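Below are the chains, spelled out letter by letter.
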Amino acid sequence: MFHSTPDCGLGEAPLIVGVDEAGRGPLAGPVVAAAVVLCKPAPTGLDDSKKLSAKRRSLLEPQIRENCAWGLAAVGPAEIDRLNIFGATMLAMTLATQRLVAALGREPEAVLIDGNMTPQGRHPDWRWPDARPIVGGDGKEKCIGAASILAKEYRDRLMCEAANAHPQYGWDRNKGYGSKAHMDALRTHGPTPLHRKSFAPVAQCDLFATG
């Protein structure tokens, strides 16, 4: 399921969408975006997912999923290689927001996006011209913090599942980032279909893989 709204409604919360992504930098796996409208009262302790412990994120994620409105989107390595990572991120943000708005059945009052750019003018299907970028928004706006938690937790699960099929790369630990163990495995085994072959470290290791 890639979108949901709570059965009990959102209370008196304004329809302000927070959008964030996880997974721009890794060498493998998808980039994931989430869009969230908070319920009222919102879950307590929302913040930038990178500042929260894994235990805290795991407690907050089900609260967000059950009590808030949200949309998720994952764009895989083939699309990342075709579009480049920036274009794939804009696509993921657009899809996540579309899914959230479809679940709500009405347009939001505002869209707040973590970072210094929005998909406006950068993806043809983005239709919210007043979307506002906020640098460090995942730590400043609770709706963006909630989106960052959903995106990271969902992507982390995908990478742990992928590690079962490709255990030599250590994705359950490094989540696709270029750790030493991951790079050593790339040099030995070469890339998998989940690797981003347009990323220079993957392309270079592919040339010299030994087995």
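Note that residues are indexed from 1 along each chain, following the sequence as it is written. A pLDDT threshold of at least 70 governs which residues receive local features in this predicted model, and a stricter bar of 80 or more applies before side-chain atom pairs are shown or counted, although totals over entire chains, interfaces and linings include all residues. Side-chain metrics in this entry use all non-hydrogen atoms of the structure; hydrogen atoms and water are not considered.

**Some details on the overall build of the protein**
Thinking step 1. Each helix is a run of DSSP H or I of at least 4 residues and each strand a run of E of at least 2, with the numbering of both proceeding from the N terminus. On a plain count of helices and strands, the protein comes out with 8 helices and 6 strands.
Thinking step 2. Going from the N terminus to the C terminus, the protein shows its helices and strands as β-β-β-α-β-α-α-β-β-α-α-α-α-α.
Thinking step 3. Taken along the three principal axes of its C-alpha coordinates, the protein extends 60 × 40 × 30 Å.
Thinking step 4. Relative to its full complement of 211 residues, the protein shows a buried share of 49%.
Thinking step 5. Counted over contacts in the protein with a minimum sequence separation of 6, partners at least 24 positions apart contribute 67%.
Thinking step 6. For the protein, the accessible surface area stands at approximately 9800 Å², while carbon and sulfur atoms represent 54% of it.
Thinking step 7. When charges are tallied, Lys and Arg are placed among the positive residues and Asp and Glu among the negative ones, while His and the ends of the chain are skipped. Charged side chains are reduced to one point each, which is NZ for Lys, CZ for Arg, CG for Asp and CD for Glu. Of the side chains in the protein, 25 bear a positive and 23 a negative charge, and the two mean positions are spaced by 4 Å. The buried label goes to any residue with under 20% of its type's maximum accessible area, the exposed label to any with over 50%, and the partly exposed label to all in between, with areas taken from a 1.4 Å probe on protein chains only. By the convention used here, residues are in contact when the closest approach between their heavy atoms is within 4.5 Å. Note on areas: Shrake-Rupley with a 1.4 Å probe; residue coverage comes only from the protein chains shown.

**Some details on the sheet that holds strand β1 (residues 3–4)**
Thinking step 1. Strand order in the open sheet formed by 6 strands is β1-β4-β3-β2-β5-β6, with mixed pairing between adjacent strands. The sheet is open, and its two edges are formed by β1 and β6 (132–134), each paired on a single side.
Thinking step 2. For two strands to be treated as a pair, DSSP must find no fewer than two bridges joining them. Sheet topology note: the strand β3 (residues 31–37)/strand β4 (residues 69–75) ladder contains 7 bridges and is antiparallel. The partner of alanine 33 across the bridge, within β4, is alanine 73.
Thinking step 3. Orientation is described by axes fitted as lines to C-alpha atoms, over the contacting stretch for helices, and by angles from 0 to 180 degrees between their N-to-C directions. The sheet contacts of helix α3 (residues 85–104) involve β1, β2 (16–22), β3, β4 and β5 (110–114), and relative to β4 the element is tilted by about 150 degrees.
Thinking step 4. Packed onto the sheet, helix α5 (residues 142–165) meets β2, β3, β4, β5 and β6 and runs at close to 35 degrees relative to β2.

**Concerning the environment of valine 37**
Thinking step 1. Looking at the secondary structure, you find valine 37 in strand β3.
Thinking step 2. Taking the C-alpha atoms as reference, valine 37 lies 9.3 Å from valine 19; in sequence the two are 18 residues apart.
Thinking step 3. Valine 37 has contacts with Leu10, Pro14, Leu15, Ile16, Val17, Cys68, Ala69, Leu100 and Leu104, leaving out every residue within four places of it along the chain.

**A word on unusual backbone geometry**
Thinking step 1. For the bond from lysine 40 to proline 41, the omega torsion is 5 degrees, close enough to zero to count as cis.
Thinking step 2. Secondary-structure assignment places proline 41 in the loop between β3 and α1 (54–67).

**Structural notes on the pairing of β5**
Thinking step 1. Within β5, 4 of the 5 residues are buried, which leaves the element mostly enclosed by the surrounding structure.
Thinking step 2. Both β5 and β6 contribute to a ladder of 3 bridges, which runs parallel. Looking across to β6, one finds that aspartate 114 is bridged to isoleucine 134.

**As for the packing of aromatic side chains**
Thinking step 1. Side-chain rings of Phe, Tyr and Trp (the six-membered ring for Trp) are treated as a pair once their centres are within 6.5 Å; stacked means planes under 30 degrees apart, edge-to-face means over 60, and tilted covers the remaining angles. For the structure on display, the rule yields 2 aromatic pairs.
Thinking step 2. Geometrically, the ring pair formed by tryptophan 126 and tryptophan 128 is edge-to-face, given 4.9 Å between the ring centres and 75 degrees between the ring planes.
Thinking step 3. Classification of tryptophan 126 as buried rests on a relative accessible area of 6%.
Thinking step 4. A centroid spacing of 5.3 Å and a plane angle of 20 degrees characterise the contact between tyrosine 169 and tryptophan 171, whose relative ring orientation is stacked.
Thinking step 5. For tryptophan 171, a relative accessible area of 0% puts it in the buried group.
Thinking step 6. Over a ring means this: the NZ of a Lys or the CZ of an Arg is within 6 Å of the ring centre and within 35 degrees of the ring normal. Sitting over the ring of tryptophan 70, arginine 65 keeps its end group 4.6 Å from the ring centre.

**Structural notes on α1**
Thinking step 1. For α1, with 14 residues, the first-to-last C-alpha span of 20 Å sits near the 20 Å given by 1.5 Å per residue.
Thinking step 2. Burial in α1 covers these residues: Arg57, Leu60, Glu61 and Ile64.
Thinking step 3. Looking at the packing, one finds that the buried side of α1 touches β3, β4 and α5. Each helix should span, by expectation, one fewer than its residue count multiplied by 1.5 Å.

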